[in-house]
Protein chains: 2
Amino acid sequence: MIYFDHAASSWPKPDAVIEKIASFLKENGANPGRGNHVMAREAANEISKTRQLLAELFHISNPNAISFYMNTTQALNQAIKGLLKKGDHVITSQLEHNSVRRPLEYLKRTEEIEITYLESSIDGTTSLDILKKSIKKNTKLIVISHASNVLGTLQPLYEIGKIAAEKNIFFLVDAAQTAGRYPIDVTEMNINLLAFPGHKALLGPQGVGGLYIQPNILLDPLVHGGTGSHSEDIDQPLSSPNRYESGTLNTVGIIGLGAGVEYIKKIGIDVLRKKEWELTNYLLSEMKKIDQITYFGPNENIERVPLVTFLVDDIDSVEIAAILDQHYQIAVRTGFHCSPLAHQVIKTEHTGAIRVSLGHTNTIEEVNYLITSLKEIIKHMG
Amino acid sequence: MIYFDHAASSWPKPDAVIEKIASFLKENGANPGRGNHVMAREAANEISKTRQLLAELFHISNPNAISFYMNTTQALNQAIKGLLKKGDHVITSQLEHNSVRRPLEYLKRTEEIEITYLESSIDGTTSLDILKKSIKKNTKLIVISHASNVLGTLQPLYEIGKIAAEKNIFFLVDAAQTAGRYPIDVTEMNINLLAFPGHKALLGPQGVGGLYIQPNILLDPLVHGGTGSHSEDIDQPLSSPNRYESGTLNTVGIIGLGAGVEYIKKIGIDVLRKKEWELTNYLLSEMKKIDQITYFGPNENIERVPLVTFLVDDIDSVEIAAILDQHYQIAVRTGFHCSPLAHQVIKTEHTGAIRVSLGHTNTIEEVNYLITSLKEIIKHMG
């Protein structure tokens, strides 16, 4: 199988990730923070190590400002539902994933928050001028994904963060497609809240997402329960991460994520990204040569995250993906990718589209094989 | 290390669990339900298999009525916060974990729900008569843990379920200490909602908890986001499990849990429990012979989950646990075990207590070594 679905989850994982997970499961199954014996302490230390690795990666000064969840969606729910109160206004974009849109729409129904969806140009660019003009007296939050999972377009975090900071508005970034791939500096970018997945470019297993919460922010916890400390209080403790991490963590997943981050640091985030971008740009250049293919997002030579969403004239996307899967053993994704408004931008809201998403483990031969396969399909069906 | 902290997390896991996790991580990293290529389908099939195994175990007719979370705490939060509305009354017990108490107290503060904490006798028994008398017109929910994580006492689920059903009250069971250990039949026991951990007696890895939601119940989702289906809707889909499972699941953890359940079924749940109970009863009988030890919960020969909470006259629990850990390499747990009201029942709310919790992998030699070690500590320090 040739795997072009990295934007959903990266694969294969580095050997070190698998080995770390298997050996931890074998040698230590204790519950960190739920006992003070040597095994529980070891488990807690390993989790602290992952927190520290992530803190370094995102330029977070206090690793305890990072809390772990099951996935980015839970982290985004914690940020959004924990921050916004009745009557608040939030600015977001048309390109957001349902993990942002649905919590916001839920709060609109239940807490009467106001939502502004910034319009996006067809290549996925969001206008900073329109952003500025959308700010109101009750604007409490700007929430933007660093890169669209449909168009691949990178958003100008520095500039948005500067506008947010000037206006004293909280800035939440969904780094689902960029954490572990693009440099993110929460201080320089004025990011107050950063949600990220463990299982995409950070190369950990599925089952872990994280949320950085700037230490001066106290969110209403999404989940209440045992925190292994202050057991006698009826409310959650005030300190992070305990306040936000009720119940048993995905210890082994977090430890595996640590091994993923170590791998990225060893090879170099820039080295990995460069390889992905070169492959992606090559794919764009080859697709451009095929008349029947329309791809979306930025043009060739404009850097984007390594994914290309496209349509083929007169052939249904679902059918193409099925043939790629069954006949060519190529895994891509079709449909709406949980981002319905992004499909309005590119006018594929009724058809969906095919998404090819790459990782640093893909090769130029694999990209060539995809292109050849697409040409064959077009020849036979077009 | 001799591991007596199974009530926090079971260890060691069956080899099959570790092998399944390692081989899945190696061979398939796709995101189930987020694509229709062969790898995504395989991942989805494996998750369905775990759902099916759990459904058989708990006598659930539709496996899709089980949703996966990061842990039991999240599952309980989903059940409690998703069901209770302003002004509802809920009956629970003094023996509940903070994963029940804190969400309830949160709703008391924010939604003005009323809470009745049923008093418990010192051995952990809850009176059915008092339960019946506590029912009010606005009683919407009874939430009870199948067995206390401090006292080990088993609660009469059949009888409580019958009372709940007669009065049309929802019945939520926290099976943190019993799932995979005691037979649970949601139909016969009239259980509407069942929360359970994957990493305790079910022998899976940490990072997975589950919630059974009776199909006629529609909860307000705790988490909103992408569900891989109905992407265009601004609200969550109505059907289970999609409604409750937003974002990427802990695929590999769920698959590992499936291997744990298969192991339990192969050996036999009764065989495993019998071994645990015999060890526990032996521990009780040996502890009874030591004058300086006071243990809590049911008397010897009355079946309980395999844990014993105790105090030693004149010696601080934390100190004993530290000596057991450092000098004898025995892992036990001290403190309040996230159940502060249970400690009020046994009057250890200021001291905490030591908890020894066993699994089927423990041996009689290990129990004897613990007893010998405790005697030595008492001799030298008492």
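About the thresholds
Residues numbered from 1 in each chain as written. Chains lettered and ligands numbered in written order. Predicted model: local features only at pLDDT ≥ 70, side-chain atom pairs only at ≥ 80, totals over all residues. Helix = DSSP H or I, 4+ residues; strand = E, 2+ residues; numbered from the N terminus. Buried ≥ 20, exposed ≤ 12 C-beta atoms within 10 Å, placed from the backbone. Contact = placed C-beta atoms within 7 Å. Axes fitted to C-alpha atoms, helices over the stretch in contact; angles between N-to-C directions. Parallel < 35°, antiparallel > 145°, perpendicular 65-115°, else oblique. Left-handed = near helix turned anticlockwise from the far one by under 90°. Least-squares fit on C-alpha atoms with pLDDT ≥ 70 in both. pLDDT = per-residue confidence, 0-100. Pairing = 2+ DSSP bridges. Nonpolar A, V, L, I, M, F, W, Y, C, P; charged D, E, K, R; others polar. Right-handed = clockwise from strand over helix to strand, strands pointing away. Domains from an automatic or database assignment. Expected span 1.5 Å × (residues − 1).

Moving on: the overall build of chain A. Scanning chain A for helices and strands turns up 11 helices and 12 strands. Projected onto its principal axes, the C-alpha positions of chain A cover 70 × 55 × 35 Å. Going through the 382 residues of chain A one by one, you find that 58% of them count as buried. Contacts spanning at least 24 positions in sequence make up 70% of the contacts within chain A whose residues lie at least 6 apart.

Further remarks concern the packing of helix 8 (residues 269–288) of chain B against helix 11 (residues 364–381) of chain B. Residues and elements named next belong to chain B. The N-to-C vectors of helix 8 and helix 11 enclose an angle of 25 degrees; their axes lie 10 Å apart at closest approach. On the basis of the axis angle, helix 8 is roughly parallel to helix 11. With respect to the hand of their crossing, helix 8 and helix 11 are arranged in right-handed fashion. Between helix 8, through Leu279, Tyr282, Leu283 and Glu286, and helix 11, the contact on the second element is made entirely by Ile364, Val367 and Ile371.

On to the relation of the copies chain A and chain B, then. Turning chain A through 180 degrees and shifting it by 0.0 Å along the axis lays it on chain B, with an RMSD of 0.0 Å. In short, the pair behaves as if placed about a two-fold rotation axis. Comparing interface residues between copies, 100% of those in chain A also sit at the interface in chain B, which points to an isologous, same-surface contact.

Taken over all residues, the pLDDT of chain A has a mean of 96, while the share at 70 or more is 100%. For this predicted complex, the interface score ipTM comes out at 0.97, while the overall pTM is 0.97.

Residue and element names in this part refer to chain B. Residues Ile354 and Val356 of strand 12 (residues 354–357) are buried on one face, and the alternating residues Arg355 and Ser357, pointing to the opposite face, are buried as well. Alignment of strand 10 (residues 307–312) against strand 12, held across 4 bridges, turns out to be antiparallel. Looking at the pairing, Thr309 lines up with Arg355 of strand 12.

Our next topic: the interface of chain A and chain B. Facing the 70 residues of chain A at the interface are 71 residues of chain B. When residues of the side of chain A that touches chain B are traced back to their parent elements, those giving at least two are helix 1 (15–27), helix 2 (38–58), helix 3 (72–83), helix 4 (98–111), helix 7 (251–267) and helix 9 (317–326) of chain A. Its residues placed into classes, the side of chain A that touches chain B shows 28 nonpolar, 31 polar and 11 charged.

All names here are of chain B. Direction of pairing for strand 3 (residues 89–93) relative to strand 4 (residues 114–118): parallel, over a ladder of 5 bridges. For Val90, the partnering residue across the bridge sits in strand 4 and is Ile115. What joins strand 3 to strand 4 is helix 4 (residues 98–111), and the crossover it makes is right-handed.

This paragraph deals with the sheet that holds strand 12 of chain B. All names here are of chain B. Across the sheet, 3 strands lie side by side as 9-10-12; this open sheet has antiparallel pairing. Looking at which strands have only one partner, the edges of the open sheet turn out to be strand 9 (293–295) and strand 12. Neighbour-to-neighbour, the strand axes of the sheet open up by a mean angle of 35 degrees, direction not taken into account. In the packing of helix 8 onto the sheet, contacts are made with strand 9, strand 10 and strand 12, and the angle to strand 10 comes to roughly 15 degrees.

All names here are of chain A. Spatial ordering of the open sheet is given by 9-10-12, a layout of 3 strands whose pairing is antiparallel. The strands lining the two open edges of the sheet, one partner per strand, are strand 9 (293–295) and strand 12 (354–357). Neighbour-to-neighbour, the strand axes of the sheet open up by a mean angle of 35 degrees, direction not taken into account.

A separate point is the domain arrangement of chain A. Residues and elements named next belong to chain A. Under the domain assignment, chain A is made up of domain 1 (2–9 + 268–381) and domain 2 (15–267). Once you take the C-alpha centre of each, domain 1 and domain 2 turn out to be 28 Å apart. Taken together, the contact pairs 25 residues of domain 1 with 29 residues of domain 2. Elements with a minimum of two residues in the side of domain 1 that touches domain 2: helix 8 (269–288), strand 10 (307–312) and helix 10 (340–345). Take the side of domain 1 that touches domain 2: its biggest share by element is 5 residues, from helix 10. Of the residues in the side of domain 1 that touches domain 2, the class split is 14 nonpolar, 8 polar and 3 charged.

A separate point is helix 7 (residues 251–267) of chain B. With 17 residues, helix 7 of chain B should reach 24 Å at 1.5 Å per residue; the first-to-last C-alpha distance of 25 Å fits that figure. Within helix 7 of chain B, 12 of the 17 residues are buried, leaving the element largely enclosed by the surrounding structure. On its buried face, helix 7 of chain B sits against helix 7 of chain A together with helix 1 (15–27), helix 2 (38–58), strand 2 (66–69) and helix 8 of chain B. Count one or two residues on from helix 7 of chain B and you reach B:Gly268, which has phi positive near 110 degrees.

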